[in-house]
Amino acid sequence: KQAVRMGNWKGVRLRPSKPLQLYDLSKDMHEENDVAQNYPDVVRKIETIMIEGRTESQLFPLVKG
């Protein structure tokens, strides 16, 4: 599981094979409405942060699926 907070945006990926979910916390504090399709530029920025901000670890391997 990965999550990134960027201002009012929160990106969540529950599994590596699943698409990123995006929430606008200024309008949706309970994270009920995934708006990823409406903001592809924000999704790309958050996905980049998720990739660049992760370090491979033997203790916490990335499990595909």
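That block above? That's the structure.
Residues numbered from 1 in each chain as written. Predicted model: local features only at pLDDT ≥ 70, side-chain atom pairs only at ≥ 80, totals over all residues. Heavy atoms only, no water.

Colleague: Explain the nonpolar core to me, please; I cannot follow it from the model alone.
Modeller: One broad trend across soluble globular proteins is that nonpolar side chains are buried collectively. One finds Val4, Trp9, Leu20, Leu22, Val35, Ala36, Val42, Val43, Ile46 and Met50 forming the largest nonpolar core, which totals ten residues. Looking at this core element by element, the count peaks at four residues for helix H1 (residues 40-52). (Core = buried A, V, L, I, M, F, W, Y, C linked by side-chain atoms within 4.5 Å. Buried < 20%, exposed > 50% of the residue type's maximum accessible area, 1.4 Å probe, protein only. Helix = DSSP H or I, 4+ residues; strand = E, 2+ residues; numbered from the N terminus.)

Colleague: What is the right way to look at the sheet that holds strand E1 (residues 2-6) in this model?
Modeller: Backbone-to-backbone hydrogen bonds join strands into a sheet, with any given pair of strands oriented parallel or antiparallel. The sheet built from three strands is open, its strands ordered E1-E2-E3 with antiparallel pairing. The open sheet has two edge strands with one neighbour each: E1 and strand E3 (21-24). Between one strand axis and the next, the sheet turns by 15° as a mean value, whatever way the strands run. Bridge analysis of E1 against strand E2 (residues 9-13) gives five bridges, and the strand direction is antiparallel. Each residue of the ladder has a partner; that of Val4, found in E2, is Gly11. Together, E1, E2 and E3 form the strand contacts of H1, whose direction differs from that of E1 by roughly 120°. (Pairing = 2+ DSSP bridges. Axes fitted to C-alpha atoms, helices over the stretch in contact; angles between N-to-C directions. Contact = heavy atoms within 4.5 Å.)

Colleague: Just to check I follow, could you spell out the pairing of E2 for this structure?
Modeller: Regular strands place side chains that alternate from one sheet face to the opposite one. Where burial is concerned, most of E2 is hidden: four out of the five residues are buried. Linking E1 to E2, which pair antiparallel, is a turn of two residues; within it Gly7 sits at a positive phi near 65°. Pairing analysis gives four bridges linking E2 to E3, with the strands arranged antiparallel. Looking across to E3, one finds that Trp9 is bridged to Asp24.

On their own, these measurements won't tell you what the molecule is for.
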